[in-house]
Amino acid sequence: MNAALFAQAVVIALAVAWAAWFAFRRLLPKTYRRLLSHAVAAFDRPSAPRWLREYARRAQPTSTSGGSCGDGCSTCGGCAAAAKPTVEAQPLVFRPRAPK
Amino acid sequence: MRLSELKKGASAVVREVEDAHAADPIARRLRELGFVGGEPVRVVASGPVGGDPLLVQIGYTRFALRRAEAARVLVDGGVA
Amino acid sequence: MNALVESPRIALVGNPNSGKTALFNRLTGSQQKVANYAGVTVERKEGRFVAPSGRTLRLLDLPGAYSLDAASPDEAITRDICEGRYPGEPAPDLIVCVADATNLRLHLRFVLEVKRLGRPMVLALNMMDAARKRGIRIDVAALSDALGVPVVETIAVQRGGAAALVEHLDRSVAAVATAPSLPDSGDAAVEADLHAQVRAALAAAVTMPRATSTVDDALDRIVLHPIGGLAILAAVMFLIFQAVFSWAAPLQDAVGAGVGAAGAWIGGLLESMPLLHSLVTDGIFAGLGTVLEFLPQILILFLFILMLEESGYLPRAAFLLDRLMFKAGLTGRSFIPLLSSFACAIPGIMATRSIQDPRDRLTTILVAPLMTCSARLPVYTLLIGAFIPRQTVLGLFNLQGVVLFTLYFAGIVSALAVAWVIKRLRRDRSEHALLMELPSYRLPNPRDVAIGLWERAKIFLRRVTGIILALTVLLWFLSSFPAPPEGATLPPIDYSLAGRIGRWMEHVFAPIGFNWQICIALIPGLAAREVAVSSLATVYAMSAVGEDAIAAELGTAIAAQWSLATALSLLAWYVFAPQCMSTLAVIRRETNSWRNVGVAAGYLFALAYLASFVTYQIARALT
């Protein structure tokens, strides 16, 4: 195998791996976060070196941003903006009105 | 007379909002929107089919009300 | 982090369409969506800003409410936060009650209601510029005395328009830490008629030359005219679709030419690496380039949507069409969520939180995906461009624009029909309230529209370089491997995994005229509808035999290989198909039920298959 073909194999492997990771992250965000947090937690143990633990802690996924849009339809004005919604959407509970 | 009976362009003064049934949420909301005794109202426009909904001016605000909702509002002094 | 949690929390509350979100954007520098109608904000949004004293303040933007006696899910959020009952969130340290200075009679009632909570608060008189223009004079000191609440003036849409508010917040938040400012006056009038108090306050502090603006009166006379109004509405809709086709064509050609040239140049550099060459030209350039060509059209569509939203015309359109919605069993409140769904079903479904009745809300959620979202535009325009001749009908209309209008119209009609069926199935006899406020007209601010379009373009490009790129690479991979055996005569895609899946799916979709290439494109299209277009481009680029075919554009390729019946059938499919996983996910989230997701996906799929089947069979019989 000559150098050009080897380079080609490496580039394609990287591109496909990136695409698979990206699609997985966007299409199954919850599963992605769960797996990532398990994987990262494995490094954050007392016997691990300090730099590794520090890194693991930083790689720990943070909580989701409220609306997971952008991964489906092109246009979600509300979610794409800068202010970060911090609470997951709550299921709605209808309470009867208080009598006046 | 009821608000729903007013002609387009007619003005009147609200007497009260009637509950269509017990604990009527629509009547309650109408009162919150300002349909209380003594407020002048005016029918500004009505929908293209069957004159429904009505556009009612109350104070500085315009509300679109369906006829069934407007029928809850009793008014005085309007010209039918 | 701790400092952040302890920094004072300020909540923006007020009547719908009083400009809370505009004020929020002004203070925090964020770009939350604003528009000129009630109920744009349905969620609690949080931001922060640094006051001149250096203190960080946390700001909550809450959905508008007419009353704390909440009648809809979005109002319930506002009520719960103000009363300190929102899960995981204490009551705000300070409430900023925002009121439209041109609409004080309505808005002050809510201010007084909030005041009864007895929390520290300040009244922000917003839209002071509009009030001055209309000759409304407000004596701020007298109003503050009459209400027993500090009052500041703001102009949220103007730079520096919130300076007075920031200064006040900075001072009063410091006061909060020591002693609660402004204890409730405590007189018995608290329980007395709020409206009487409002009237008294207005009499004491406000002079208003006339109740409404003359411009509003004049415009409403024309726009809400029973016949003229409907004609204007039809003309506006028609103009939009004509413009999407006619204005975009030159821009689209330019983008296409640019992408083609870049692809040819880069492809030339990769001659020595055949597989990588295929990935770059057949995959990335064919796929992404084809989608990118639709950016001009999407921007033109949004130019109109943004201008209509800002102008205040949308609630008028809802007024005109209310009778139709009523017949279909929808509430007038469904109009805005359904209209938002033309941009994307996801914000549309979220906007249903302003609907009071849970059953009305569910119906609206179920039919929202039938509104043609902007992600379908590339699919529609690709097929229309390839199969419908660019000719003029009736001496005025572009036939392609007419077909596009028909497709949008088909979505609307079927949404009404489905809503009607749901109403029948439920034997629903309940009352559907309208109670919709029509806002004052406003001239769209060119700068805001430009920012809105820029945001749109960014979102689109982020998708093209993100999820669409990723899926295109994956599709290319699946269409290339396993590699063809020695001495293969067909293009490699025929031996690949994707090719086999496509051929297997073809059995199911043959009755509606879909070939295996379309079947392949349907799968990645689930992640995002535009991906169906990029996938088709990739699949066709890879199926092309011989060097000369590679350069062919997707439009030319399908025009040569598909029958008209197949094209029409695919168009019909896209009117209905539940081809968007995110929409299904948001239905799950908003209704908290997998059953509703199943119902939505099931009926949409059945309708899509049926419509395509009928279209295909009829078209084939006729051609």
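Look above for the structure.
Residues numbered from 1 in each chain as written. Chains lettered and ligands numbered in written order. Predicted model: local features only at pLDDT ≥ 70, side-chain atom pairs only at ≥ 80, totals over all residues.

Here we take up the sheet that holds strand β4 (residues 61–65) of chain B. Here six strands make up an open sheet; going across it, the order is β5(B)-β1(B)-β2(B)-β3(B)-β4(B)-β11(C) and the pairing antiparallel. Strands with a single pairing partner mark the edges of an open sheet, and in this sheet they are β5 (73–76) of chain B together with β11 (436–438) of chain C. Strand-to-strand twist in this sheet, taken as the mean axis angle between neighbours without regard to direction, amounts to 45°. One ladder, built from six bridges, connects strand β2 (residues 40–49) of chain B with strand β3 (residues 52–58) of chain B; its direction is antiparallel. Bridging across to β3 of chain B, V41 of chain B finds its partner in I58 of chain B. (Pairing = 2+ DSSP bridges. Helix = DSSP H or I, 4+ residues; strand = E, 2+ residues; numbered from the N terminus. Axes fitted to C-alpha atoms, helices over the stretch in contact; angles between N-to-C directions.)

For the rest of this paragraph, the subject is the environment of L570 of chain C. All names here are of chain C. For L570, the position within the fold is in helix α26 (residues 564–576). On the basis of neighbour count, L570 is assigned to the buried category, with 29 C-beta atoms found within 10 Å. Between the alpha carbons of L570 and F110 there is a distance of 51 Å; along the sequence they are 460 residues apart. Once residues within four sequence positions are removed from consideration, L570 is found in contact with L383, F514 and I518. (Buried ≥ 20, exposed ≤ 12 C-beta atoms within 10 Å, placed from the backbone. Contact = placed C-beta atoms within 7 Å.)

Here we take up the environment of F460 of chain C. Mapped onto the fold, F460 of chain C is located in helix α20 (residues 446–480). Separated by 169 residues in the primary sequence, F460 of chain C and V291 of chain C have C-alpha atoms spaced 9.8 Å apart.

Right, let's get into the sheet that holds strand β2 (residues 45–50) of chain C. Residue and element names in this part refer to chain C. What the six strands build is an open sheet, ordered β2-β3-β1-β4-β5-β7; its pairing is mixed. Whereas interior strands pair on both sides, the edge strands pair on one side only; in this sheet they are β2 and β7 (151–153). Direction aside, neighbouring strands of the sheet carry axes that sit 25° apart on average. As paired strands, β2 and strand β3 (residues 56–61) are joined by six bridges and run antiparallel to one another. Counted as the bridge partner of F49 is L57 from β3. Against the sheet, helix α3 (residues 73–82) engages β1 (9–14), β3 and β4 (94–100), with an angle of about 140° to β1. Against the sheet, helix α4 (residues 104–115) contacts β1, β4 and β5 (121–126), and its axis sits at roughly 165° relative to β4.

With that settled, consider unusual backbone geometry. Peptide bonds are trans in most cases, and residues, glycine excluded, mostly fall at negative phi. The omega angle of the peptide bond from D52 of chain B to P53 of chain B is -5°, so this bond is cis rather than trans. Counting through the fold element by element, P53 of chain B comes out in strand β3. A positive phi angle, close to 60°, is found at N17 of chain C, a residue other than glycine. Here N17 of chain C lies in the loop between β1 and α2 (20–28). Although it is not a glycine, M127 of chain C adopts a positive phi angle of roughly 60°. Note that M127 of chain C resides in the loop between β5 and α5 (128–133).

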